[in-house]
Amino acid sequence: MAYDKHLDLVLMSPNAKPPVARIMDYGKFKYEQEKKAKENKKKQKTTQTKETRFSLNIEDHDLATKANQTKKFLNNGDKVKVSVRFKGRELGHKNLGYDLLDKFIEFVGDIAQVEKKPALEGRSLVLFLSPNTEEK
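Residues numbered from 1 in each chain as written. Predicted model: local features only at pLDDT ≥ 70, side-chain atom pairs only at ≥ 80, totals over all residues. Heavy atoms only, no water.

(A) Summary view of the environment of Ala-64. By secondary structure assignment, the location of Ala-64 is in helix α2 (residues 60-75). On the basis of relative accessible area, Ala-64 is assigned to the partly exposed category, the value being 21%. Separated by 22 residues in sequence, Ala-64 and Phe-86 place their C-alpha atoms 20 Å apart. (Helix = DSSP H or I, 4+ residues; strand = E, 2+ residues; numbered from the N terminus. Buried < 20%, exposed > 50% of the residue type's maximum accessible area, 1.4 Å probe, protein only.)

Shown next, in the form of structure tokens:
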């Protein structure tokens, strides 16, 4: 029947009992599958990890500016790595770094949630934020 209609006989499910075959234009079928795969790939959302860095002795206005930039990253759907860099003897005052990150969380807390609590990595205190899922 497939030969008479100038089409292909395609085995759809060879393991089924009885095996399932279809009469179709195989080239057109493959083209449509590739087209669907491209369309699905376009719809995928890729998230990036952006970084915001500042030192321990940052002023409040500068911290607010960094928070506003971080809010832009979060509104775009990106995750943000916030790091406080310690220099020299500042490493002896880690508690000030934790306080600074708590203040930063207050600035961006309305649109962000803490993904990973602050942790010390080398000479940096690192915090990971992700966009709030409740709003979307």
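Back to the text.
(B) Representation of a nonpolar patch on the surface within the structure. The grouping of Met-1, Leu-7, Leu-9 and Ile-23 at the surface amounts to a nonpolar patch, some 410 Å² of accessible area in total. Relative to the elements of secondary structure, Leu-9 occurs in strand β1 (residues 8-13). (Patch = residues over 30% accessible without salt bridge, like charges linked within 9 Å, V, L, I, M, F, W, Y side chains within 5 Å. Areas by Shrake-Rupley, 256 points an atom, 1.4 Å probe, with all protein chains shown as cover. Salt bridge = Lys/Arg side-chain N within 4 Å of Asp/Glu carboxyl O.)

(C) Main features of the pairing of strand β3 (residues 49-55). Two strands pair when backbone bridges link them, and β3 and strand β4 (residues 79-85) are joined in this way by seven bridges, in the parallel orientation. Within β4, the residue paired with Phe-54 across the bridge is Val-84. Crossover connection from β3 via α2 to parallel β4: handedness right-handed. (Pairing = 2+ DSSP bridges. Right-handed = clockwise from strand over helix to strand, strands pointing away.)

(D) Examining the packing of aromatic side chains more closely. Taken as a whole, this structure holds two aromatic pairs when the rule is applied. Taking 6.2 Å as the distance between ring centres and 35° as the angle between the ring planes, the aromatic pair formed by Tyr-26 and Phe-29 counts as tilted. Placement of both Tyr-26 and Phe-29 in helix α1 (residues 26-43) is noted, with a separation of three residues, approximately one turn of the helix. Its relative accessible area of 37% is what places Tyr-26 among the partly exposed residues. (Phe/Tyr/Trp six-rings, centres within 6.5 Å; stacked < 30°, edge-to-face > 60°.)

(E) Focus on unusual backbone geometry. Cis geometry marks the peptide bond from Lys-17 to Pro-18; its omega dihedral reads -10°. When you line up the elements, Pro-18 lands in the loop between β1 and β2 (20-24). Of note in this structure, His-6 is not a glycine but carries a positive phi near 60°.

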